[in-house]
Amino acid sequence: MNSKPLPSRPAADGFHMPGEYAAQQAVLMAWPQRPDNWREGARPAQAAFAAVAAAILPATPVHMCVADADYDAARDAMPAGVTLLRIPSDDCWMRDIGPSYVINGAGELRGVDWQFNAWGGEVDGLYPDWRQDDALASQLLDLRGEQRYRAPLVMEGGALHVDGEGTCFTTEECLLHPGRNPQLDRAAIEQLVSDYLGVSRVIWLPRGVYNDETNGHVDNLMHVVRPGEVVLTWCDDPGDPMYAICREAMTVLEATPDARGRKLRVHKLPLPGPLYISDEEAAGVAATAGMSRRAGERLAGSYANFLVTNSRVVFPLLDARHDQEAHRILAELFPEREVVGVPGREILLGGGNIHCITQQIPLA
């Protein structure tokens, strides 16, 4: 039985979501297994998730949610240091289905349990039954003995970034999409975001990465380096759809001060690719109506989809032409952390990357 959610809201209780660069006690993940999203019965994806977990473990403990039926297979595939939690899910995008954690000045930790509808519900959701995904956050918080806020908002963790000092970044393409909260206007959504994340300013970027099936999650386009400083995916090819998207975002970021009144310093990360699904990769995926995995389809690849965790930054290796440059830029931006690249193509084939499959638990 899931415990009752708190009747109040985090901001009113003195809680806020810290930046990803703040100290963490653990990183959450979930086991990939959908044959209509992951090729070859998800075996290549499982190996990729194991590699991400192995890259995180030297910096932060990893806890992975897995259904009872998959427990033994997950135990065999995952590094020995990964803790397995018996909680099922419909898919494995922990950033979106897990809780967003908030803290207060007294060192208390609580979880925000967003409503989840598979990135669009009846409008353009990727699968028709998302009940296990929507229930995961409350089950996880119950298991960990943590108090829970149930937000009256369809939201995914990948649709937001915070700086921990009052600023939230999101995209209009995602949060104003008719498949999320059509009964709410922009002002109402912004108020709920502020109430549940403890922020005082929401910076709205127009669009996310081209052909991103999450309807433009902000975490695939940019990342917060530290308060007052962000990194943005960048494309210099005028013939690429990302050319205009990046410049729209840059215009907003340069013109909008953060919650503390700082002018944002914006760094650029190269855009990998363009990257496309191969014939072999598409052939290994079971066909369904919601998720399309066609040969030749452009992938929404981005180096901005990295995880900051304690002493490490774990980022996806996506394109041999740009991997080294992305590593160099991230190493310059995070001199206090070790930057570790992990092959990210198998995760990208499923629709996201390293940030999407992880969710940090702050050290309260």
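**Student:** If you had to explain the packing of aromatic side chains to someone new, which residues and values would you point to?
**Tutor:** All chains considered together, the criterion is met by eight aromatic pairs. Taking the centre distance of 6.5 Å and the plane angle of 65 degrees together, the rings of Phe-15 and Tyr-149 count as edge-to-face. Remark: Tyr-149 occurs in strand S6 (residues 147-154) and Phe-15 occurs in the segment before strand S1 (24-30); sequence separation between them is 134 residues. For Phe-15, a relative accessible area of 3% corresponds to the buried category.

**Student:** Tell me about the side chain of Gln-46, residues and numbers included.
**Tutor:** Tracing the chain through its elements places Gln-46 in helix H1 (residues 43-56). The class for Gln-46 is buried, based on a relative accessible area of 13%. Excluding its chain neighbours within four sequence positions, the residues that come into contact with Gln-46 are Trp-31, Pro-32, Gln-33, Gly-41 and Met-78.

**Student:** So, the environment of Ala-73: which residues are in play, and what are the values?
**Tutor:** When you line up the elements, Ala-73 lands in helix H2 (residues 71-77). In sequence terms Ala-73 and Trp-31 are 42 residues apart; their C-alpha atoms lie 9.8 Å from each other.

**Student:** Break down the sheet that holds strand S8 (residues 167-171) for me, with residues and values.
**Tutor:** With respect to topology, three strands assemble into an open sheet ordered S7-S8-S9, the strand pairing being mixed. Unpaired on one side and paired on the other, strand S7 (161-162) and strand S9 (201-205) mark the two borders of the sheet. With respect to the sheet, helix H8 (residues 241-255) is in contact with S8 and S9, its orientation differing from that of S9 by roughly 155 degrees.

**Student:** So what's going on with the sheet that holds strand S4 (residues 100-103)? Which residues, and what values?
**Tutor:** Taken together, three strands build an open sheet; the order of strands is S4-S5-S6 and the sheet is mixed. Since the sheet does not close on itself, it has two edges, and those belong to S4 and S6, each with one partner. Direction aside, the axes of adjacent strands within the sheet are offset by 30 degrees on average. With four bridges connecting them, S4 and strand S5 (residues 109-115) associate as antiparallel partners. In the sheet register, Ser-100 faces S5, and the bridge partner there is Val-112. The strands that helix H5 (residues 131-144) touches are S4, S5 and S6; relative to S5, the one it contacts most, it runs at about 165 degrees. Packed onto the sheet, helix H7 (residues 186-197) meets S4, S5 and S6 and runs at close to 170 degrees relative to S6.

**Student:** Explain the pattern of salt bridges residue by residue, including any values.
**Tutor:** Where charged atoms of side chains with opposite charge meet at close range, the side chains can pair. Applying the stated criterion across every chain yields a total of 28 salt bridges. Here Glu-165 makes a salt bridge to Arg-260, at a shortest N to O gap of 3.6 Å. Taken as a pair, Glu-165 in the loop between S7 and S8 and Arg-260 in the loop between H8 and strand S12 (265-270) lie far apart in primary sequence, 95 residues in all. With a closest N to O distance of 2.7 Å, Arg-262 and Asp-258 form a salt bridge. Judged by relative accessible area, which is 1%, Asp-258 ranks as buried. In the salt-bridge network here, residues are joined through shared partners; they are Asp-163, Glu-165, Asp-258, Arg-260 and Arg-262.

**Student:** Any details on H7? Residues and values, ideally.
**Tutor:** The end-to-end C-alpha separation of H7 is 16 Å, in line with the 16 Å expected for twelve residues at 1.5 Å each. Buried residues of H7: Ile-189, Leu-192, Val-193, Ser-194, Asp-195, Tyr-196 and Leu-197, and no others. Where H7 ends, the next residue or the one after it, Gly-198, has phi of about 70 degrees, a positive value.

**Student:** An account of the state of the cysteines is needed here, citing residue identities and associated values.
**Tutor:** Counting across every chain of the model gives zero disulfides. No disulfide involves Cys-65; its sulfur sits 11 Å from that of Cys-92, the nearest cysteine. On the basis of relative accessible area, Cys-65 is assigned to the buried category, the value being 1%. A disulfide-free cysteine, Cys-174 has its sulfur positioned 11 Å from the sulfur of Cys-168, the nearest such atom.

**Student:** Outline the side chain of Asp-219, listing residues and values.
**Tutor:** On the secondary structure map, Asp-219 appears in the loop between S9 and strand S10 (222-226). Of the side chains with opposite charge, Arg-95 lies nearest to the buried Asp-219, which makes no salt bridge, at 4.9 Å. Here the side chain of Asp-219 touches His-355 through a polar contact of 2.7 Å, side chain to side chain.

Cut-off values and rules
- Residues numbered from 1 in each chain as written.
- Predicted model: local features only at pLDDT ≥ 70, side-chain atom pairs only at ≥ 80, totals over all residues.
- Heavy atoms only, no water.
- Phe/Tyr/Trp six-rings, centres within 6.5 Å; stacked < 30°, edge-to-face > 60°.
- Helix = DSSP H or I, 4+ residues; strand = E, 2+ residues; numbered from the N terminus.
- Buried < 20%, exposed > 50% of the residue type's maximum accessible area, 1.4 Å probe, protein only.
- Contact = heavy atoms within 4.5 Å.
- Pairing = 2+ DSSP bridges.
- Axes fitted to C-alpha atoms, helices over the stretch in contact; angles between N-to-C directions.
- Salt bridge = Lys/Arg side-chain N within 4 Å of Asp/Glu carboxyl O.
- Expected span 1.5 Å × (residues − 1).
- Disulfide = S-S within 2.5 Å.
- Lys, Arg positive; Asp, Glu negative; His and termini not counted.
- Polar contact = N/O pair within 3.5 Å; in protein donor to acceptor, adjacent residues only side chain to side chain.

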